[in-house]
Amino acid sequence: MSDISAERDYIGFATLAEQVHRKSVKRGFEFTLMVCGESGLGKSTLINSLFLTDLYQHRTVPSVEERIEKTTKIDKKTLDIEEKGVKLRLTIVDTPGFGDSINCEDSWRVCTQYIDEQFRQFFTDESGLNRRNIQDNRVHCMLYFLPPWGHGLRQMDIDLMRRLHKKVNIVVVIGKADTLTTTEVQKLKTRILEDIETNGIQIYQFPDCDSDEDEEFKQQDRELKASIPFAVVGSNVVLEVAGKKIRGRQYPWGVVDAENPQHSDLIKLRTMLISTHMQDLKDTTRDVHYENFRAQCISQISQHALRERNKLKRESIASSNEATSFNETDRLLQQKEEEIRRMQDMLAQMQEKLKSTQMSDAVIDV
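As the structure is a computational prediction, the values presented were derived from the model and not from experiment.

Cut-offs applied
Residues numbered from 1 in each chain as written. Predicted model: local features only at pLDDT ≥ 70, side-chain atom pairs only at ≥ 80, totals over all residues. Heavy atoms only, no water. Phe/Tyr/Trp six-rings, centres within 6.5 Å; stacked < 30°, edge-to-face > 60°. Helix = DSSP H or I, 4+ residues; strand = E, 2+ residues; numbered from the N terminus. Buried < 20%, exposed > 50% of the residue type's maximum accessible area, 1.4 Å probe, protein only. Lys NZ or Arg CZ within 6 Å of the ring centre and 35° of its normal. Pairing = 2+ DSSP bridges. Contact = heavy atoms within 4.5 Å. Axes fitted to C-alpha atoms, helices over the stretch in contact; angles between N-to-C directions. Parallel < 35°, antiparallel > 145°, perpendicular 65-115°, else oblique. Left-handed = near helix turned anticlockwise from the far one by under 90°. Nonpolar A, V, L, I, M, F, W, Y, C, P; charged D, E, K, R; others polar. 1 Å grid on protein atoms, 1.4 Å probe; cavity = no way out; pocket = protein on both sides within 12 Å on 5 of 7 lines; lining within 4 Å. Points joined across faces, edges and corners; volume = space filled by probe spheres on them.

Undergrad: An account of the packing of aromatic side chains is requested, with residue identities and associated values reported.
TA: Counting across every chain of the model gives five aromatic pairs. Here F119 and Y290 contribute two aromatic rings whose centre-to-centre distance is 5.8 Å and whose plane-to-plane angle is 55°, an arrangement assigned as tilted. Linking F119 in helix 5 (residues 105–126) with Y290 in helix 10 (residues 278–365), this pair joins segments that are 171 residues apart in sequence. On the basis of relative accessibility, which here comes to 1%, the residue F119 falls in the buried class. Relative to Y290, the ring of F122 has its centre 5.3 Å away and its plane inclined at 90°; by these criteria the two rings are edge-to-face. Pair noted here: F122 is in helix 5 and Y290 is in helix 10, with a separation of 168 residues, a long-range link. What makes F122 buried here is its relative accessible area of 12%. Y290 sits in the buried class, given a relative accessible area of 2%. An aromatic cluster is defined as three or more aromatic residues linked by ring pairs; in this entry it consists of F119, F122, Y290 and F293. Note that R138 overlies the ring of F122, its terminal NZ or CZ placed 3.8 Å from the centroid.

Undergrad: Can you lay out the sheet that holds strand 3 (residues 86–94) for me, pointing to particular residues and giving the numbers?
TA: Read across the sheet, six strands follow the order 2-3-1-4-5-6 without closing on themselves; strand pairing throughout is mixed. Among the strands making up the open sheet, the edge pair consists of strand 2 (75–83) and strand 6 (230–231). Where strand 1 (residues 29–36) meets strand 3, seven bridges bridge the pair, whose relative direction is parallel. Looking across to strand 3, one finds that L33 is bridged to I92. Strands strand 4 (141–146) and strand 5 (170–174) of the sheet are contacted by helix 6 (residues 155–164), whose axis makes an angle of about 170° with strand 4.

Undergrad: Give me the packing of helix 3 (residues 43–51) against helix 9 (residues 266–276): which residues, what numbers.
TA: For the pair helix 3 and helix 9, interaxial distance at closest approach is 10 Å and the crossing angle is 70°. In terms of orientation, helix 3 lies roughly perpendicular with respect to helix 9. Read as a crossing pair, helix 3 and helix 9 show a hand that is right-handed. Only L266, L269, R270, L273 and I274 of helix 9 make contact with helix 3, whose side of the interface consists of L46, S49, L50 and F51. Per-class residue counts for the contact of helix 3 with helix 9 are seven nonpolar, one polar and one charged.

Undergrad: Tell me about empty space enclosed by the protein, and name the residues and values.
TA: Within the structure shown, the criterion is met by one cavity of 30 Å³ or more. Around the largest cavity, the lining residues are I170, V171, V172, I203, Y204, F206, I228, P229 and F230. Ranked by residue count, the leading element in the lining of the largest cavity is strand 5, at three residues. When the residues that make up the lining of the largest cavity are grouped by side-chain class, the tally is nine nonpolar, no polar and no charged.

Next up, the structure:
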């Protein structure tokens, strides 16, 4: 009897999550990752290591003569990945030439222009009539590479991150971290975080875990937060060590395993970008960075409309004043004309009266 009453009370909206899941999987997902940093820090190698592919197999290293006149460019590559029936359209936006010139203003300007262009295109598309098939090319995350041989943030790094931290989610990465000892890595991380806080730079903040999450996920989240900025090592070479194939780098003194947590934060960075925080990166881009841009656009449109409305109002008042002045002039002219006619009539009467007086005087003289 209880089973019958339970079936009678069951409505069916509990399957909404499954419906949304099926629809999302069928539609697929999009994610755009921008990579910034000067040449030689292993950016391309890290991207290949993160996504287990070779996106830059035909890249050539420019000569010194070519790099003298080289400016920052945008190199965009798209990769379709499918895993367990879930499709991901991954877009990698690289910035070759970044930081290679003495004057680095061009570097941050190219990055900000590209991010703003994607926001502007999305704003135009969603404001149009047909909004069903809008392609999301907004930059959801930017990996900013720092050199391992520094002692913190340079002025170039501060200038760029200040101009970008309100437009995109910045994740700071220390490239080629295998050149540092464990103590040196920790000191550099601490100094970078201090410089970020001192200069008021807002990097991507991991959201707090929900209270109902299991302890394993909470521990993983604590480890990810403690690893910021990520000190990474990438490799395109597969080595065999003790009968096991690894992605690593062969040195005279040993082998660095890029996917070993004791050697590199590559696995933690991959976990953060793909497994745990990809959706939050997209949500933050949509709800914070894009909304700020959208609010600015609407404010500019409103101000422009207000200026046009005030201009039309001033022109209307001016035209009405001109019409009023014209009417006043016509009225004054009519009054003057009437006065002239009256004076002419009076003059004519006086002339007639004078004539009659002269005629009467002539008769008396006779």
